[in-house]
Amino acid sequence: MNSWVQISFIILFFIIGLLFLFSRKFSFRIKKTSSKKRKYPKFITGFLLAVVNPPVLLFWVIAISLTQKYILPISNMSPLFLLLLFFIGVYIGKFITLYFYGKLSHRSVKKQTNERHKLYRVIGIVLILISSLQGIRFFY
């Protein structure tokens, strides 16, 4: 509903897509500060990975926009049963999406690093395509 949020996501997806697309030119390497390995609690590590996970963010944007447009309008005045059905569907969709994403990632790890760059290129093209389509739809 807010135009600044839509424009922010369009720009964010475009920039992330460019970073994935040109991942060979941008090498982000972190220098080790010490030889002692730090251990963080698994909950915090999982939470931080979930927050910065672009496929999950992409899934939420697609799930909410498709549900709003084609299935049912969801708002703060929706009945509790309707919201429960929505969240169950989102949970199942998120689980399936992450399962297949994990399978694809597991398969690509077995191959050479060249295959990883192909995967990054596909992810980058998809993110740029989505941001372009959202931008055209927003400005049209």
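Anything mentioned here points back to the structure above.
Rules used throughout
Residues numbered from 1 in each chain as written. Predicted model: local features only at pLDDT ≥ 70, side-chain atom pairs only at ≥ 80, totals over all residues. Heavy atoms only, no water. 1 Å grid on protein atoms, 1.4 Å probe; cavity = no way out; pocket = protein on both sides within 12 Å on 5 of 7 lines; lining within 4 Å. Points joined across faces, edges and corners; volume = space filled by probe spheres on them. Helix = DSSP H or I, 4+ residues; strand = E, 2+ residues; numbered from the N terminus. Nonpolar A, V, L, I, M, F, W, Y, C, P; charged D, E, K, R; others polar. Phe/Tyr/Trp six-rings, centres within 6.5 Å; stacked < 30°, edge-to-face > 60°. Buried < 20%, exposed > 50% of the residue type's maximum accessible area, 1.4 Å probe, protein only.

1. Considerations on the layout of surface pockets
Here the largest pocket defines a volume of roughly 920 Å³. Taken together, 23 residues form the lining of the largest pocket, with Q6, V61, S65, Q134 and R137 sitting closest to its centre. Mapped onto the lining of the largest pocket, the elements with two or more residues apiece are α1 (3–21), α3 (54–71) and α5 (113–139). Of all the elements, α3 adds the most residues to the lining of the largest pocket, at 11 residues. Looking at the lining of the largest pocket residue by residue, the classes come out as 16 nonpolar, 5 polar and 2 charged.

2. Here's the deal with the packing of aromatic side chains
Under the definition given, this model contains 4 aromatic pairs. Look at Y99 and F100: their rings are 5.4 Å apart centre to centre, the planes differ by 70 degrees, and that puts the pair in the edge-to-face class. By relative accessible area, Y99 is classed as partly exposed at 43%.

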